[in-house]
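Chain and residue survey
Residues per chain are reported as follows:
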Amino acid sequence: MNTYDAVVIGGSAAGLSAATVLARALRTVVVIDAQQPRNSPAAHLHGYLSRDGMTPKALLAAGRDEAVSFGAEITQGRVTHLDRATENGNFTVETEDGTTIGTRTVLVATGLRDELPDIAGVREQWGIDVLHCPYCHGYEVRNTAIAVLGGENRPFTLHQAQLIRQWSSDVIFFPNGIVLDGAEREQLTARGIRVIDGDVAQVITQNGRVSGIELTDGRTEGRDTIFVGPRFTPNDKLLKGLGCTVRETGWVGVDPAGGTSVPGVWAAGNVVDSPAQLITAAGAGSTAAIALNHYLLAQDIKRAVAASNTPVDSK
């Protein structure tokens, strides 16, 4: 069984950034990637310096090529089990095809799942003209007729409605089960955001694009773009399985460099940071990789001293 300096689980912005830093530090590193990135439905990515408008697929292809050019290995697969080998402190990584890999350290960058509202048409248009992040897509849909759908993620969608108003003067908030108090309704109205009560039945489409919202009572309202508030669910089963400390929020906790409570294990990107955009995740991957390399360096020094026949002069 090969033993790497680092295994990176997840090959999107955070994982590839980490792998590139580690490979450039001459560490042996392999990326195991299921190739199911969260942003795959989107036609273009935004807010990534010098890469605005690029397709997500093209960005990842360029990132993989870059990581490989410095010596990183990339393999397609899904990790099913992660465990620490007690005899040497290393980890074993198992994939769904039965492959077992040994590694001194692990960086988990498995992202999150967007649990979308159960409204007809939302999933079908997701990433096209049903969106959630105005910083990612607000500029491209500026000055269009926008709907914001409420639902389970109450704080997020209320904030979202107010935020979206920066990009358009024609915003309608559909509470869709959220009971607004007087102050909340006043704040929305004061900003020129219309509020239409009632349960949303479906997203109306025409020629493959959003054209409106239909309520259960038959009312319709024409719209060009819809913003929703998904429930963000981290893909953190591997981290929790190792016993990483979980915060009160239910998310795995990390230090500023992405270190978990388990020595030798880091996490970066949306798996531990739901608001992280692509460029944020890439930065987190780089930061975690540097911390991980320093951890390996400390081990290297300790092992070198132990193996040396020359006593270390403490003076």
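Scroll up to find the structure this text is about.
Presented here is an overview of the structure given in this document. Since the structure is predicted, the reported quantities are computational estimates derived from the model, not experimental observations.

Rules used throughout
- Residues numbered from 1 in each chain as written.
- Predicted model: local features only at pLDDT ≥ 70, side-chain atom pairs only at ≥ 80, totals over all residues.
- Heavy atoms only, no water.
- Helix = DSSP H or I, 4+ residues; strand = E, 2+ residues; numbered from the N terminus.
- Buried < 20%, exposed > 50% of the residue type's maximum accessible area, 1.4 Å probe, protein only.
- Contact = heavy atoms within 4.5 Å.
- Areas by Shrake-Rupley, 256 points an atom, 1.4 Å probe, with all protein chains shown as cover.
- Salt bridge = Lys/Arg side-chain N within 4 Å of Asp/Glu carboxyl O.
- Pairing = 2+ DSSP bridges.
- Axes fitted to C-alpha atoms, helices over the stretch in contact; angles between N-to-C directions.

Our focus in this paragraph is the overall build of the chain. If you tally the helices and strands in the chain, you get eight helices and 17 strands. Overall size of the chain, expressed as C-alpha extent along the three principal axes, is 80 × 40 × 40 Å. Considering the chain as a whole, with its 315 residues, one finds that 46% of them fall into the buried category. Residue pairs in contact within the chain that sit at least 24 positions apart in sequence constitute 61% of those at least 6 positions apart. Accessible surface computed for the chain: about 15,700 Å², of which carbon and sulfur atoms make up 50%.

Turning our attention to the side chain of Gln-162. Among the secondary structure elements, Gln-162 is positioned in helix α5 (residues 154-164). The residues contacting Gln-162, other than those within four sequence positions of it, are Gln-187, Leu-188, Arg-191 and Ile-193.

Between side chains of opposite charge, pairing is possible as soon as their charged atoms come close. Counted under the stated rule, the structure contains 13 salt bridges. One salt bridge connects Arg-104 with Asp-5, and the closest N-O pair in it is separated by 3.1 Å. Taken together, the residues Arg-104 in strand β6 (residues 100-108) and Asp-5 in strand β1 (residues 3-9) connect sequence positions 99 residues apart. As far as the burial class goes, Arg-104 and Asp-5 line up, both buried. Measuring nitrogen to oxygen at the nearest pair gives 3.0 Å for the salt bridge that ties Arg-231 to Glu-152.

The next thing to look at is the sheet that holds strand β14 (residues 220-222). Strands sit in the order β12-β13-β14 across an open sheet of three strands; the sheet is antiparallel. Only two strands of the sheet have a single partner each, and these edge strands are β12 (200-206) and β14. Ignoring strand direction, the axes of neighbouring strands in this sheet form an average angle of 25°.

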